[in-house]
Each structure stands twice: as C-alpha cells, then as structure tokens.
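# A closer look at the structure
This is what each chain is made of:
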Amino acid sequence: MKLVKYSLLAMVFFTTIVSCSKDETVVVEEANYSIDLNLAMETDWEMANAILVLVNQHRESMGLPALKRDQTYASAYAVEHTQYMIQKSKLSHDNFGVRSQGLKDRGATIVGENVAYGYNTAEDVVNAWLNSPGHRKIIEGLFTHSGFGIIPNGRGDYYFTQLFYRK
C-alpha cells in the first residue's frame, strides 16, 4: 500500500486519529521542540512546489484560501520526519506531537499532516491524497501554511511529509 494507512489532525485541545488498522502503534520519544532550519533545504523543492500548486488549485476549487509555503520551521520538521521514515523504512505519524507543538510554539493554532511513499510525481501523490477521505480532509482543512519534507530513499523511492498549519 503506497498511501499511509491513517491521517492525523491535531487541534488546539485534542487530537483525532483515523486509522485503517488497529494493530499500528505510534512511537513517542522524548519531546524536543528545537529544529535545525537547514534541514528545510534538503527537501525536493521542485516536487514540493508542484504539490503546493496542485493542493492550492484543489483548495481554490472548494472556495478555500491558498496555502502559503513555509520553507523554515514546518519544512524543517517535515524533512526531519521524512528522514525518520526513510531510516525506519515505513510510513508513520510517529512523534507528530513534537512537530505539532514545535509549530504551536511559533504561533500555529492547529496542525495537520499527510505522509506518503513511493509516488514519482506531484500529480500522483496529490491524487492519492484526494482519493483518501482522511488525507482529503487535511488538504481541505482550515490551514494557512504548509511545509514539505520530500526526499528519495537510497533506491530513489520518494517519501513525503506535508505539514499544514493555521497561523
């Protein structure tokens, strides 16, 4: 399965998890909200920009405002998570709370995340997300900004983390 099995939307006072499988667990490590902003430069910005255009086209067709690209904190957190998924060779939302809190510490009020693996084009990954109710809900959420962690593994297969937040 190329598309992550669950989506995550963290709101100010609660978190809702939608999962297709009951046997998946979320790994929680010690919270560290600091991040090296240089990580943001490691994302494939050509692919990220194409994804943002497609996501914004969809949002605009729904009467929603366009998302602004965040090439600092949100992308640094997204890259860090994508590297983690590559290291583990699996899709996950592990440690989402750390990414969410890190963005909230910088003014975000709500944070959401989509992840994926194995798609070769922006069109393919965005279409997959739009065809998944949980991922589509994130894309259509009341967010204002988005950051990206898009990195190929050693075999050239892409892993994707797209963080969304409202500021």
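Residues numbered from 1 in each chain as written. Predicted model: local features only at pLDDT ≥ 70, side-chain atom pairs only at ≥ 80, totals over all residues. Heavy atoms only, no water.

Note that His81 resides in helix α2 (residues 73-88). Its relative accessible area of 3% is what places His81 among the buried residues. At 3.2 Å, the side chain of His81 forms a polar contact with the side chain of Arg99. Once residues within four sequence positions are removed from consideration, His81 is found in contact with Ser92, His93, Asp94, Arg99, Glu113, Val115 and Thr161. (Helix = DSSP H or I, 4+ residues; strand = E, 2+ residues; numbered from the N terminus. Buried < 20%, exposed > 50% of the residue type's maximum accessible area, 1.4 Å probe, protein only. Polar contact = N/O pair within 3.5 Å; in protein donor to acceptor, adjacent residues only side chain to side chain. Contact = heavy atoms within 4.5 Å.)

For the rest of this paragraph, the subject is the pairing of strand β5 (residues 145-152). For β5, the buried fraction is high: seven of the eight residues fall into the buried class. Where strand β3 (residues 68-69) and β5 come together, two bridges link them in parallel fashion. Bridge pairing links Lys68 to His145 in β5. Note: β5 against strand β6 (residues 158-166), eight bridges, orientation antiparallel. When the sheet's bridge partners are listed, Phe148 is paired in β6 with Gln162. Taking the residues between adjacent antiparallel strands as the criterion, β5 and β6 are bridged by five residues, where Gly156 takes a positive phi near 90 degrees. (Pairing = 2+ DSSP bridges.)

With that settled, the discussion passes to the packing of α2 against helix α3 (residues 96-104). α3 packs onto α2 with a crossing angle of 170 degrees between their chain directions and a minimal axis gap of 10 Å. As far as their axial angle goes, α3 and α2 are roughly antiparallel. Along its contact with α2, which presents Tyr73, Ala74, Tyr77 and His81, the element α3 presents Arg99, Gly102 and Leu103. (Axes fitted to C-alpha atoms, helices over the stretch in contact; angles between N-to-C directions. Parallel < 35°, antiparallel > 145°, perpendicular 65-115°, else oblique.)

In this structure the tally under the stated criterion is four salt bridges. Where Lys90 meets Asp94, a salt bridge forms, and the shortest distance between an N and an O atom there is 3.9 Å. On the basis of relative accessible area, Asp94 is assigned to the buried category, the value being 0%. One salt bridge in this structure joins Arg99 and Glu113, with 2.7 Å as the shortest N-O distance. Taken together, the residues span a long stretch of sequence, with Arg99 in helix α3 and Glu113 in strand β4 (residues 110-117) at a distance of 14 residues. Accessibility expressed as a relative area gives 4% for Arg99, which makes it buried. A residue is classified by how much of its surface remains accessible, and Glu113, at 0% relative accessible area, is buried. (Salt bridge = Lys/Arg side-chain N within 4 Å of Asp/Glu carboxyl O.)

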